[in-house]
Amino acid sequence: MTTLKESIVEPYARALMSLAQEHDLTERFGEDAASLIKLLQDSDDLRQFLANPLIDGASKKAVLHQIVGDQLHPYVKNFLMVLVDRRRIGLLDRICQQYQALLRELKQTVLAEVYSVRELTDAQVQTIKSKVMAITGARDVELSTSLDPSLIGGIVIKIGSQIIDASLRGQLRQISLRLMAG
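Everything numeric in this text was worked out from a predicted model, so none of it was measured.

Brief notes about the overall build of the protein chain
Thought 1: Regarding its fold elements, the protein chain presents eight helices and four strands.
Thought 2: From first element to last, N terminus to C terminus, the protein chain shows the α and β order α-α-α-α-α-α-β-α-β-β-β-α.
Thought 3: What you see for the protein chain is a C-alpha radius of gyration of 20 Å, clearly larger than the 16 Å of a compact globule of 182 residues, by over 25%.
Thought 4: Judged by the C-alpha coordinates and their principal axes, the protein chain covers about 65 × 35 × 30 Å.
Thought 5: Within the protein chain, the fraction of its 182 residues that count as buried is 34%.
Thought 6: Accessible surface computed for the protein chain: about 11200 Å², of which carbon and sulfur atoms make up 52%.
Thought 7: Separation of charge centres in the protein chain, based on 22 positive and 22 negative side chains, amounts to 5 Å.

See below:
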């Protein structure tokens, strides 16, 4: 099922990227995609409403027009209407995430997920970005930060499938493994 959904998500994200590049709107569409992702994350009701196959397209379009208003670029709004017509609006969140992945690829930007016990200072954010750029060779780094009190201290950075564990919990686990091995 996942591969079927991915084979649907990818072409729609690429079509949106193609439209964005054609009109030099890649950044604007990226902002719109981020807004839509946040909107869907913040509202389970909206996500369920859009994914419900029993609700007709006209109702979904009306709700989308009411919610997004003039916040989105007209091309993005039209894209949403096409998704409704083709019964793909339930995949909007994943299409937007895939669009953002394509945009990062285009800009040679890497996404780094950072988990820490406390909010990071601006200096810490800049240091992490510099280190991730050095590790990956990317032009820029987009940080996604989350708080995780179970780390005790320090941070964990996830870049794709690579995990850099500089947390106190991770260090304690390493010491425990060494003690058990020795």
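Description of unusual backbone geometry
Thought 1: One non-glycine residue, glutamine 108, adopts positive backbone phi at about 55 degrees.
Thought 2: Even without being glycine, isoleucine 152 reaches a positive phi, approximately 70 degrees.

What to know about the sheet that holds strand 1 (residues 109-116)
Thought 1: Ordered in space as 2-1-3-4, the four strands form an open sheet in which the pairing is mixed. Each edge of the open sheet carries a strand with a single partner, namely strand 2 (140-147) and strand 4 (162-167). Neighbouring strand axes in the sheet, compared pairwise and without regard to direction, differ in orientation by 20 degrees on average.
Thought 2: Direction of pairing for strand 1 relative to strand 3 (residues 154-159): antiparallel, over a ladder of five bridges. Pairing of serine 116 across the sheet is with isoleucine 155, part of strand 3.
Thought 3: Its contacts with the sheet place helix 7 (residues 122-136) against strand 1, strand 2, strand 3 and strand 4, and it is angled at close to 125 degrees to strand 2.

Here's the deal with the nonpolar core
Soluble, globular proteins show a tendency: their nonpolar side chains are buried together.
Thought 1: Ranked by size, the top nonpolar core spans 32 residues in total, and within it Leu36, Leu80, Ile89, Leu92, Ile95 and Tyr99 carry the most contacts.
Thought 2: Elements supplying a minimum of two residues to this core: helix 1 (2-22), helix 2 (26-42), helix 3 (44-51), helix 4 (57-68), helix 5 (74-85) and helix 6 (92-106).
Thought 3: Tallying contributions element by element places helix 1 first for this core, with seven residues.
Thought 4: Residues in contact with isoleucine 89, not counting those within four places in the same chain, are Leu50, Lys60, Leu64, Leu80, Leu83 and Val84.
Thought 5: One finds Ile128, Leu143, Ile155 and Ile157 within the second-largest nonpolar core, a separate group that totals 13 residues.

Re the pattern of salt bridges
Thought 1: All told, the structure shown has nine salt bridges when counted by the stated rule.
Thought 2: Residues aspartate 85 and lysine 61 are paired through a salt bridge, measuring 2.6 Å at the closest nitrogen-oxygen approach. Here aspartate 85, found in helix 5, pairs with lysine 61, found in helix 4; they are 24 residues apart in sequence, far enough to count as distant.
Thought 3: As a salt-bridge pair, arginine 173 and aspartate 165 come within 3.8 Å of each other at their nearest N and O atoms.

Definitions and limits used
- Residues numbered from 1 in each chain as written.
- Predicted model: local features only at pLDDT ≥ 70, side-chain atom pairs only at ≥ 80, totals over all residues.
- Heavy atoms only, no water.
- Helix = DSSP H or I, 4+ residues; strand = E, 2+ residues; numbered from the N terminus.
- Rg over C-alpha atoms; globule rule 2.2 N^0.38 Å.
- Buried < 20%, exposed > 50% of the residue type's maximum accessible area, 1.4 Å probe, protein only.
- Areas by Shrake-Rupley, 256 points an atom, 1.4 Å probe, with all protein chains shown as cover.
- Lys, Arg positive; Asp, Glu negative; His and termini not counted.
- Charge placed at Lys NZ, Arg CZ, Asp CG, Glu CD.
- Pairing = 2+ DSSP bridges.
- Axes fitted to C-alpha atoms, helices over the stretch in contact; angles between N-to-C directions.
- Contact = heavy atoms within 4.5 Å.
- Core = buried A, V, L, I, M, F, W, Y, C linked by side-chain atoms within 4.5 Å.
- Salt bridge = Lys/Arg side-chain N within 4 Å of Asp/Glu carboxyl O.

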